[in-house]
Amino acid sequence: MAKAVQKIALGSSREIPFNKLVLSQSNVRRTKAGVSIDDLAEDIARRGLLQSLNVRPILDADGAETGIFEIPAGGRRYRALERLVKAKRLSRATLIPCVVRDRTVDISAEEDSLAENVHRVALHPLDQFRAFKALRDQGAGDEDIAGRFFVAPAVVKQRLRLAAVSEKLLDIYAEDGMTLEQLMAFTVTTDRARQEQVWDALQHSYNKEPYLIRRQLTENAVRASDRRARFVGLESYEAAGGVLLRDLFEDDGGGWLQDVALLDRLATEKLTVEAEKIAGEGWKWIEVALYFRYGHAQHLGRLNGARVELTTAEQATFEALTVEQAKLEGEFEGAEELPDEIDARLGEIETALSALEDRPVRYETAQITRAGVFVSIDVDGHLSVDRGYVRPEDQPRSPVDDSAEDEVRASDGTAPTAPTAQLTVITVGGEQPDDDGEDDAIKPLPERLVGELTAHRTLALRNAVANSPKVAMTALLHKLCLDTFQHSAPGACLEASVRHVFFPVQATDLKDSGSAKTIAERHEAWNTELPKEDCALWDWLDTLDESRRAALLAHCVSFGVNALYEKGDRYGGPGISARGVQQRIAQADRLARAVDLDMVEAGWRPTVDNYFGRVTKPRILEAVREAKGEQAVQLIDHLKKAEMAREAERLLDGTGWLPEPLRMQPVDAQPPEEDGPSPEAETLPEFLNDDEGGDVASDDGDPKPVTIAAE
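(A) Fine view of the packing of helix H9 (residues 192-202) against helix H10 (residues 210-217). For the pair H9 and H10, interaxial distance at closest approach is 10 Å and the crossing angle is 130 degrees. Between H9 and H10, the interaxial angle falls into the category oblique. Handedness of the crossing formed by H9 with H10: right-handed. For the pair formed by H9 and H10, the contact residues are Arg194, Gln195, Val198 and Leu202 on the first element and Leu212, Ile213, Gln216 and Leu217 on the second.

(B) Structural view of the pattern of salt bridges. Applying the stated criterion across every chain yields a total of 25 salt bridges. One salt bridge connects Arg265 with Glu269, and the closest N-O pair in it is separated by 2.9 Å. Separated by four residues within a single helix, Arg265 and Glu269 lie in helix H13 (residues 260-279), roughly one turn from each other. When the shortest N-O distance is used, the salt bridge between Glu348 and Arg345 registers 3.2 Å. Of this pair, Glu348 and Arg345 both sit in helix H15 (residues 340-357), three residues apart, which is roughly one turn of the helix. The exposure class of Arg345 is partly exposed, given its relative accessible area of 28%. Members of the salt-bridge network, linked through shared partners, are Asp226, Arg228 and Asp264.

(C) Local environment of a negative patch on the surface. Taken together, the side chains of Glu336, Glu337, Asp340, Glu341 and Asp343 make up a negatively charged region of the molecular surface. Turning to its location among the elements, Glu341 is positioned in helix H15.

(D) Highlighting H10. The buried fraction of H10 is high, at six of eight residues. Buried residues of H10: Pro210, Leu212, Ile213, Arg214, Gln216 and Leu217, and no others. For H10, the secondary structure elements touched by its buried residues are helix H8 (180-185), H9, strand E7 (244-245) and helix H26 (641-652).

(E) Spotlight on the side chain of Asp394. Within the fold, Asp394 resides in the loop between strand E14 (383-390) and helix H17 (399-412). Among all residues touching Asp394, those that are not within four sequence positions of it are Lys284, Trp285 and Arg370.

(F) View of the nonpolar core. If you look at the biggest cluster of nonpolar residues, it comprises 42 residues, and the most contacted ones within it are Leu461, Leu597, Tyr611, Phe612 and Val624. Looking at which element gives the most residues to this core, the answer is helix H18 (residues 447-466), with seven residues. With 28 residues, the next largest nonpolar core counts Phe231, Leu262, Ile286 and Ile368 among its residues.

(G) Region of the structure containing the packing of aromatic side chains. Overall, the coordinates contain nine aromatic pairs when judged by the stated rule. For the ring pair Phe374 and Tyr389, a centre distance of 5.1 Å and an interplane angle of 70 degrees mean the geometry is edge-to-face. With Phe374 in strand E13 (residues 372-377) and Tyr389 in strand E14, this pair connects stretches of sequence that are 15 residues apart. Of the two residues, Phe374 and Tyr389, both sit in the buried class. Plain terms: the ring middles of Tyr611 and Phe612 are 5.5 Å apart, the flat faces sit at 80 degrees to each other, and that makes the pair edge-to-face. Across this residue pair, the class does not change: Tyr611 and Phe612 are buried. Aromatic ring contacts, followed pair by pair, group Trp285, Phe292, Phe374 and Tyr389 into a single cluster. The ring centre of Phe231 lies 4.6 Å from the NZ or CZ of Lys270, which sits over that ring.

Each value, and the rule that gives it
Residues numbered from 1 in each chain as written. Predicted model: local features only at pLDDT ≥ 70, side-chain atom pairs only at ≥ 80, totals over all residues. Heavy atoms only, no water. Axes fitted to C-alpha atoms, helices over the stretch in contact; angles between N-to-C directions. Helix = DSSP H or I, 4+ residues; strand = E, 2+ residues; numbered from the N terminus. Parallel < 35°, antiparallel > 145°, perpendicular 65-115°, else oblique. Left-handed = near helix turned anticlockwise from the far one by under 90°. Contact = heavy atoms within 4.5 Å. Salt bridge = Lys/Arg side-chain N within 4 Å of Asp/Glu carboxyl O. Buried < 20%, exposed > 50% of the residue type's maximum accessible area, 1.4 Å probe, protein only. Patch = residues over 30% accessible without salt bridge, like charges linked within 9 Å, V, L, I, M, F, W, Y side chains within 5 Å. Areas by Shrake-Rupley, 256 points an atom, 1.4 Å probe, with all protein chains shown as cover. Lys, Arg positive; Asp, Glu negative; His and termini not counted. Charge placed at Lys NZ, Arg CZ, Asp CG, Glu CD. Core = buried A, V, L, I, M, F, W, Y, C linked by side-chain atoms within 4.5 Å. Phe/Tyr/Trp six-rings, centres within 6.5 Å; stacked < 30°, edge-to-face > 60°. Lys NZ or Arg CZ within 6 Å of the ring centre and 35° of its normal.

None of this, on its own, says anything about what the molecule does.
Here you go:
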């Protein structure tokens, strides 16, 4: 006969008065964790006791039940009930549902307590999301749901945000196909098709980090920290119908603005409104743009206005703030970290002092009517208004010209033309970035990119030369010797001159570079000191001591520094020859060595905008390999170009890597001699050589330079 299966006997369920229950010393939970006892008491008061207590009868010395029961499993529930009893919200005689353990069973109370806690499984976040969603569908608000379950409202919002994720991805997460952190990364966008597209693309990569998911989902959006976004304001952008992508699970710095065209339009419209207000001042012209190139006003003259002095009240405020600042800095001079309120106050004082020091400039009405203004957005997202620029055709004429014109009018019998009121001409424009396509072969660096990089280098080199009067003097004397002993110099009293070199090709970040700001500040400081009349200028220069004279000379000489790469004319045209470009770069290298130029210290670092987004994938991988090694290359070599460029920027941040045009060239890199190779056979720099017929293998297997023959 088959052996009968022994049936399992469960403990009996009974309702026991609360005053007959006591805590057991066998309960293994000793450390506080999870929902507090007070919160649990409130939950029991709202919905009742959802889970019975596990109890055992207490026996007397003879083994008989005493009518009192100890609780080895359910101690937190008991303490919550006890709080309600003490608060007189629950009677001591209230019957409590309990499961009574058979006293004959051979399992200890400690084991029961441990089993109840160890075998418990926390609710899956996806189940929690679906439960919260069901409550919201029933009419409960986020705050109400948070209050019912004693969690922060942000937790409810985060869980409900998972509703934005594709059901396909939710199913993958439910089957442990992705982590919660990866799932949360997909919530930055509500575009479910794009979510699935990104996830499918990641299946071919072993790098599925959440930050990479966020980057790919927001690659065509603009960060809220962008100058345009800060200028327009997120509220205005959203009010105009713009979509703002937010990440509730990570600090997103305000999110991402998805509609870039709308953002540009709103920023331009806001700038135009400001320009129309400024037009009321009587300016002849106003140019409006989201961004102006570095050196955009170099060809224009400047009005000499008078700075408005501080009023008595402003001066008193300035002095009081200065005293308070000195006092606070003195009190906390030795502190490693300032208290939050002191740090905030010092920041307020610094802002107020800067505002008082930045005095407006007053111009004469006659000056304003022939000058103009540039209106744009500064790097911090504030309105930038630059007044007082004069175009060449609007420069005041000399008295000789005026008298000659009066004579012509007198001979013709024509009366002088009466001045008429003018309308301010407001021009709205901007610059669009180039769109370089993807190329999988190792090609030479694009000429425009090399031009932009060498513009950065030229600016940094100018700043370095201006800070090295000895080198500036040597450079000037070198130029004068070349002019004196190798070329005739007919003309005026002294033909020595420094021609200011402008940048026809430049990156958008050149204007905000450290070198550009330093040069502009130094130039403005000298310009403020220099007399405006020729004779007065000579006398002023004659009184300068040698150190200041050398510093001024270095500053002036630095504006003639030209380390720019440009495409040379190989056919004898009016432009600079290819050989001339080589000579220029070689001399710039020598000058860079003389001032110990370091482009990393000058503030340049490779980004998507200024390098990686402008070169081919092999170039990107080459840069990563040089800076981080082959292992880092393997992390990104499978990515598409846009993703690869962003990852390369992240990997190379802080490494000090520089592209070839910005590196310090070795001393033995000599310029071509006068009797050297002719323009018909010139060797290009390596970074401009094309590997498709660029680097040709010689007999010994090493690449040999390619020469370009002129027709």
